Amino acid sequence: MVTTIVLLRWDLRLSDNPALFEASKKGAVIPVFLYTKDLFPRSIGGAKKWWLHRALESFSGELKRRYNVDLVIRIGESTLEELEKLVFETKVSGIFFNKNYDPLTKNLEERIIEHFTKKGLDVRSFKSFLLHEPEELRTDEGRPYIVFTPFWKKFQVECVVPKPLGIPERIVKSNVNVSSRNLEELKLLPTIKWYDEMEKCWNVSETGAFERLKYFLDNAVDSYKDLRDRPDLDNTSMLSPYLAAGMISPRQIWHAVIERYDGKLTEGAYAFLRELGWREFSYHILYHNPSLVDANLRKEFDKFPWCWDRDEGFWKWTKGLTGIPIIDAGMRQLWRIGWMHNRVRMIVASWLTKNMLKHWKLGEEWFWDTLVDADIANNVQGWQWTAGCGADAAPYFRIFNPVSQGRKFDPNGEYVKKWVPELRSLPPEYVHAPWEAPEMVLRSVGFELGKDYPLPMLPLEESRKRALDAFQQLGKSR
Ligand code: FAD
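Residues numbered from 1 in each chain as written. Predicted model: local features only at pLDDT ≥ 70, side-chain atom pairs only at ≥ 80, totals over all residues.

An unreviewed UniProt entry lists the chain under the name Deoxyribodipyrimidine photo-lyase, with Fervidobacterium thailandense given as the organism. According to its UniProt record, the chain has this under Catalytic activity (unreviewed entry): "cyclobutadipyrimidine (in DNA) = 2 pyrimidine residues (in DNA)." Turning to the chain, the UniProt record has this under Sequence similarities (unreviewed entry): "Belongs to the DNA photolyase family." (UniProt positions renumbered as here; feature names shortened; annotations may be inferred.)

Let us look at the UniProt feature "binding site: FAD" (unreviewed entry) in the chain. Mapped onto the present numbering, the UniProt feature "binding site: FAD" (unreviewed entry) falls at Tyr 224, Thr 236, Ser 237, Met 238, Leu 239, Ser 240, Phe 272, Asp 373, Ala 374 and Asp 375. Separation in sequence by 152 residues is matched in space for these annotated residues, since their most distant C-alpha atoms are 22.7 Å apart. Along the chain, the position of Phe 272 falls in helix H11 (residues 267-288). What makes Phe 272 buried here is the crowd of 26 C-beta atoms within 10 Å. Excluding its chain neighbours within four sequence positions, the residues that come into contact with Phe 272 are Val 221, Tyr 224 and Val 257. Looking at the secondary structure, you find Asp 373 in the loop between helix H15 (360-370) and helix H16 (376-387). When neighbours within four sequence positions are excluded, Asp 373 is seen to be in contact with Ser 240, Pro 241, Ala 244 and Trp 339. (Helix = DSSP H or I, 4+ residues; strand = E, 2+ residues; numbered from the N terminus. Buried ≥ 20, exposed ≤ 12 C-beta atoms within 10 Å, placed from the backbone. Contact = placed C-beta atoms within 7 Å.)

Taken together, 27 residues lie near the ligand, and Thr 236, Ser 237, Asn 342, Asn 379 and Gly 382 sit nearest. For the shell around the ligand, the secondary structure elements donating two or more residues are helix H9 (240-244), H11, helix H14 (342-355) and H16. Residue composition of the shell around the ligand, by class: twelve nonpolar, nine polar and six charged. (Near = placed C-beta within 6 Å. Nonpolar A, V, L, I, M, F, W, Y, C, P; charged D, E, K, R; others polar.)

To describe two helices that pack against each other, one gives the angle between their axes and the distance between the axes. For the pair H15 and H16, interaxial distance at closest approach is 10 Å and the crossing angle is 145 degrees. As H15 packs across H16, the resulting crossing turns out to be right-handed. Contacts between H15 and H16 involve Trp 360, Gly 363, Glu 364, Phe 367 and Trp 368 from the first element and Asn 379, Val 380, Trp 383, Gln 384 and Ala 387 from the second. Classifying every residue of the contact of H15 with H16 by side-chain character gives six nonpolar, three polar and one charged. (Axes fitted to C-alpha atoms, helices over the stretch in contact; angles between N-to-C directions. Left-handed = near helix turned anticlockwise from the far one by under 90°.)

Turning next to the nonpolar core. Membership of the largest hydrophobic core comes to 115 residues, with the highest contact counts inside it found for Val 6, Val 32, Ala 55 and Ile 95. Per-element tally for this core: the top contributor is helix H2 (residues 46-67), with eight residues. Setting aside residues up to four positions removed in sequence, Ala 55 forms contacts with Leu 12, Val 204, Ala 245 and Met 247. (Core = buried A, V, L, I, M, F, W, Y, C linked by C-beta atoms within 7 Å.)

What follows is about the packing of helix H10 (residues 250-260) against H11. As a packed pair, H10 and H11 sit with axes 10 Å apart at the nearest point and diverge in direction by 165 degrees. Here H10 lies roughly antiparallel to H11, going by the angle between them. Crossing angle aside, the handedness with which H10 passes H11 is left-handed. Packed against H10, whose contacting residues are Pro 250, Ile 253, Trp 254 and Val 257, the element H11 presents Ala 269, Phe 272, Leu 273, Leu 276 and Arg 279 at the interface. (Parallel < 35°, antiparallel > 145°, perpendicular 65-115°, else oblique.)

Turning to the confidence of the model for the chain, a few remarks are in order. The predicted coordinates should not be examined in detail at positions where pLDDT is low. Of all residues in the chain, 99% have pLDDT values of 70 or greater, and the mean over the chain is 95. Interface confidence in the predicted complex, given as ipTM, is 0.99; pTM for the same model is 0.97. (pLDDT = per-residue confidence, 0-100.)

Have a look at this one:
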């Protein structure tokens, strides 16, 4: 019988998994997860390791329950070597996988195809991680895009999103006995158990992804356009970690929305699809500019006086002890559940890269370590966009004011109070700026600024001016 290895990575789902689906139609299947250094070249952050552990647990559990098939786990240095060993042991006739668009693994995928095709194997890669092919979507002049709006316009005209596949009807188990490592041997879970709150917050499974999608479509999508910027409300999908680990595909989300509205989208539904468009755009940009992982998209920013020190101020930022309530709330939310609301991500990133003048890479690396949805393209794009050196049509010298942003998007201070309990006793008008409260008010609620909660780590106006001066210098030297 024909047997195919299905190489799994960030596609840990049974439904709409083209590599698994097509392999299952050909004959027997050996699903394999390779934890090799070159497939995971940029070591995964702590929060995402936890997510990956749970994702592998639930995916392998479902494979076993539905099809009585085991997931083979291998650990190694080199993917080609590990695959070579597997091919030798199992005598398979093919290797299928779903394409990744991370520039660091693109090259490896090409080598897998070349190497094993030469050996006479049927090697195929499938599309499902993105809605578009970065190679195919081009400006009228034939160039890749660097601005979102024209990208999105063209996307809507040219991209036909294929309907998602169902789960394989059956998966035939190979009759070769293949040795596998235990999930625990990957050592993805930390030795200190800091993830209790993440366990409560997330159902890390394919079912969990679909439950979250259904909840969002039933309760929030129609008001998404108006309320998506409100961190105090549960009004965004929170599907990002599922998308990042491939536990749901973007086309499953896309078609769930289209079908629900029978093509006549509400403003909220359209705004939501547009955000999926941002994910496409992030990958488009990174695909065509692979150096962006470390380098500024706008080269003039190479001269910007960013500081690389992980000093006391930086650690205050990571711990949510800056004395600026909305920033501390965001950073604590991130630490506790591995996720932060998009609006707050922009505010904390603007504070770090502008008011604190820290290099965006420091923030990007912290997010990489602490986000359950850590995604190379979205993270780099989000940081460069906010720092001003990325793909952005808006002026790079825009600096978010954390107090007015807080008052606008968390009007009753509920978000801040949830994550920064020290501020719960304050009247709503002072939650975003406790230092503005008259002494009498603070005393009446038994609150001492500087003792119960830190004073702002930097003066807002002065640090904003310092950043503006730096931007002005940059402008002059362009
Ligand atoms: P929803 O609002 O429900 O949007 C649906 C989906 O669209 C998201 O799951 C996501 O896949 C995509 N999306 C939404 N907003 C954006 C955006 N601005 N850019 C790209 N895609 C978007 N997103 C990540 O997935 N991983 C990251 O590592 C990441 N790092 C970020 C760092 C910074 C500094 C910033 C400003 C943004 C970052 N984002 C990142 C983008 C965005 O904040 C998250 O995708 C979003 O908050 C996830 O929540 P959600 O699933 O409820 O989003």
